[in-house]
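Below, each chain spelled out in residue letters.
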Amino acid sequence: MGLTINGIIFLVLAWTIIISMVIFSFYKVFKGEEKK
Amino acid sequence: MSQNGEREQWGTKIGLILAVAGNAVGLGNFLRFPVQAAQNGGGAFMIPYFIFFILLGIPLMWIEWGIGRHGGKFRHGSAPGMFDVIWKNKLAKYFGSLGLFISITILIYYTYIESWTLGFSLFSILGLYSNETKETMTGFLSSYQGITTSQTFSSIWPAYILMLLTFSINFAVLYKGISKGIEKLAKIAMPLLFIFAIILAIRIFTLGTPDPAYPENSVANGFAFIWNPDFSALGNPNIWLAAAGQIFFTLSVGMGTIHAYASYLKPNDDIVLSGLATASTNEFAEVVLGASIAIPVAVAFFGLEATKEIAAGGSFNLGFVSMPIIFGNSHFPLGELFGFMWFLLLFFAGITSSVAMGQPVVAFLEDEFGMDRKKAVTALAIAVLIAVQFVIFFLKYGFLDEMDYWAGTFGLVVFALIETVLFMWVFGADKAWKEMNQGGDIQIPMFFYYVMKYVTPVILMVLMIWWFIQSALPTLMMHNIAAENVPYIWGARILMVAIAVILMLLVKKAWENNHSEVK
C-alpha cells in the first residue's frame, strides 16, 4: 500500500496548518507578555 | 475563597493556556482521533475535521471563555451563576446546574480510568507484561480490573490502591488552588506530555518494518492507513457527523470546565488569543502526535487487517491491550521504557483533564456557599469517592459505559447548545461579541460573529438530533443490553438522577440563602 501522493499532501497540509497555528498563537502570546 | 475574600487568579498567561490545553488534551487525542480518522476516509476525514474545527470548535472555545470571564466579574466560577448573569430568568441557574452535573459525573469515572494509566506505566517499567498475546493481555487487563483473576492479579486491590493514589493526587492539586495547584501541575505535566509524545513518535517513525518476514507490516503503511484519502467517503453524512463529534470531544467543550478556568481572569485579560493558543495546542497533540503513535505502530506489528479489527474494538482495546503487546514484543527494543512513557503521557493527559472537571463544583461551593477552598475540595472528594465505588465494583455490568454515554457524550452537546443559545441569542450576539473581544491581544474576525450566531447552534442542533435518534434512543431503551446487566444500568441511572437532583437542590439553596445579597 504505502502513502500515496494524495496521502502525503493531506499529511503535510494538516501538519503545516496546525504547526503554523501553534507558532502564530504562541509567538503572539510571548510577544504580548514581553510588552507587559 | 470566601464570598468576602479576593478570588484567586492565574499566575501567568502561559500557565492558564497550558491548564486549559491540559483540560482539552486527554486520552481521546491519542486513542480516539487516529481510530476515527482511519475509519472515516483517512486523509479525506481532515476536510470535514478542519471545517468543523472552524465552524464548531473554535467558536465554542471562545463562547465558553467569554461566558466564564463574564461570570467571573460577578464572582461566579461555575455555570449556574454564569447562566443567571446572562439570562435574567429564575430557570437559568438550573440550566447551569447541568454544567456541574456533567463535570462531576465524568470526574467520577474518568479518574478511575486515569488510575489504570498510572498502573500500566508502573507495570511497564516493572516488566509485568512481556511477549503477550491478545488473549493473555486481555486477561491481564480484566484481572487488573477485578473482572477475572490471573497469575499477576488475584483481586481488585491493586487497582483500588492505584485509584486511591490517583484520587489523592487529583484532590491534592485541587486543594492547592488555581495558581499553586492547577497551574503548577499544567506547567510540569504538559511539557512532559509533549516530550514523551515526541520521543515516542520519533521512535515509531524509525521502526520501519519491525519484522522483515512481513514487509507489508510497516510504519509507512500505518501512516497510509490514516492519511491516504478516500474521497468517496465525503459523500457519506456519517463521516461529517463523525468529524463534528471528534472536534466536539477533543476540545473538552460542553462540560463547564473552561468556564470555571476563565472565571479567574481579570475583565480586561485576553481570551481571544488564549482560546486560539489552547485550541492549537490541542490540535498539535491530536493530529500531529496522536496520529503518529498508536495506529502506525499497530499496523507495523499486527498488519492492516488486524489493526482494523483493533480499531473497531475501540480506544481501550487499542490503548490497554494492543499497545502493551507491542511494547512487550521482542522487536521493540527498550519496550519497558517506551511503555512507561506511553502510559505516563496518558496519565498526564488524564490528570490535567480531571482536575479541570473538579474545579466547577469546587468553585460553586466557594462562590455560592462561601466555603473556603479546603472545605469545598474535601466535600467534593468525599462525594466522588462514594460514587466511584459503584463504578469500580460494577464495571463489568456496564455501569461506567452508561454514565459515559449520558454525561460524557449526549450531555455535552445538550449543554453546549444551551450555552450557545443563551450567550449568542438571549444575552445578545452584539454584547457577547463585545465581551469576547474585550482586552483581546487579537480581535476575532467578523466572520465568526455570524458563525457563532447562526452556524454553530445549527450544527449543535443537528448533532444532538442525530445522536438522539442514532444512539440516545437505543441506549435509553437498553437495546443490546444483557439481561443480567439491566439492574446495574438502572443503578447508574438512579445515581445520575440523584447527583442531578442534589445539585439542583444545592443551587436552589444557594440562591435562597445569600445569592441575592451578593448580587
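Up top is the structure these notes are about.
Residues numbered from 1 in each chain as written. Chains lettered and ligands numbered in written order. Predicted model: local features only at pLDDT ≥ 70, side-chain atom pairs only at ≥ 80, totals over all residues. Heavy atoms only, no water.

Asker: In this structure, what is going on with the interface of chain A and chain B? I would like to understand it.
Answerer: Many analyses report the size of an interface as the accessible area lost when the parts associate. The partner chain B presents 33 residues to the 23 residues of chain A that form the contact. The junction of chain A with chain B conceals about 2,400 Å² of combined surface from both sides, 81% of it contributed by carbon and sulfur atoms. Counting across the chain A and chain B interface gives three residue pairs in polar contact (both at pLDDT 80 or more). Residue composition of the side of chain A that touches chain B, by class: 15 nonpolar, five polar and three charged. (Contact = heavy atoms within 4.5 Å. Buried area = accessible area lost by both parts, 1.4 Å probe. Polar contact = N/O pair within 3.5 Å; in protein donor to acceptor, adjacent residues only side chain to side chain. Nonpolar A, V, L, I, M, F, W, Y, C, P; charged D, E, K, R; others polar.)

Asker: Just to check I follow, could you spell out helix H5 (residues 92-125) of chain B for this structure?
Answerer: Three or four residues apart is the spacing at which side chains of an α-helix point the same way, because the helix has 3.6 residues per turn. Residues and elements named next belong to chain B. Taking 1.5 Å of rise per residue, 34 residues should cover 50 Å, and H5 covers 50 Å from first to last C-alpha, within 8% of that figure. Leu107 marks where H5 bends most, by close to 30°. Just downstream of H5, Gly127 is the residue with a positive phi angle, here 70°. (Helix = DSSP H or I, 4+ residues; strand = E, 2+ residues; numbered from the N terminus. Expected span 1.5 Å × (residues − 1). Bend = angle between axes of the 7 residues up to and from the residue.)

Asker: Even after reading the chapter, I still don't get the nonpolar core, so can you show me in this structure?
Answerer: Among the nonpolar cores identified, the biggest contains 210 residues, and B:Phe30, B:Trp227, B:Phe248, B:Trp342 and B:Met436 are the most heavily contacted of them. Here this core gets 19 residues from one element, more than from any other, and that element is helix H16 (residues 335-369) of chain B. (Core = buried A, V, L, I, M, F, W, Y, C linked by side-chain atoms within 4.5 Å. Buried < 20%, exposed > 50% of the residue type's maximum accessible area, 1.4 Å probe, protein only.)

Asker: Mind showing me how you'd approach unusual backbone geometry here?
Answerer: Glycine aside, residues mostly have negative phi, and peptide bonds are mostly found in the trans state. All names here are of chain B. Its identity is not glycine, yet Leu334 carries a phi of approximately 55°, on the positive side. Its place among the elements puts Leu334 in the loop between helix H15 (315-327) and H16. One non-glycine residue, Asn480, lies in the positive phi region at around 60°. Considering the arrangement of structural elements, one finds Asn480 in the loop between helix H20 (447-476) and helix H21 (486-518).

Asker: Even after reading the chapter, I still don't get a nonpolar patch on the surface, so can you show me in this structure?
Answerer: Residues A:Leu3, A:Ile5, A:Ile8, A:Ile9, A:Val12, A:Leu13 and A:Ile17 make up a contiguous nonpolar surface patch of about 610 Å² in total accessible area. Among the secondary structure elements, A:Ile8 is positioned in helix H1 (residues 5-35). (Patch = residues over 30% accessible without salt bridge, like charges linked within 9 Å, V, L, I, M, F, W, Y side chains within 5 Å. Areas by Shrake-Rupley, 256 points an atom, 1.4 Å probe, with all protein chains shown as cover. Salt bridge = Lys/Arg side-chain N within 4 Å of Asp/Glu carboxyl O.)

Asker: I tried to follow the side chain of B:Gln246 on my own but got confused; where do I start?
Answerer: Residues and elements named next belong to chain B. Of note, Gln246 is situated in helix H10 (residues 237-250). Overall, Gln246 belongs to the buried group, its relative accessible area being 1%. Within the structure, the side chain of Gln246 is placed 2.4 Å from the side chain of Arg32, a separation counted as a polar contact.

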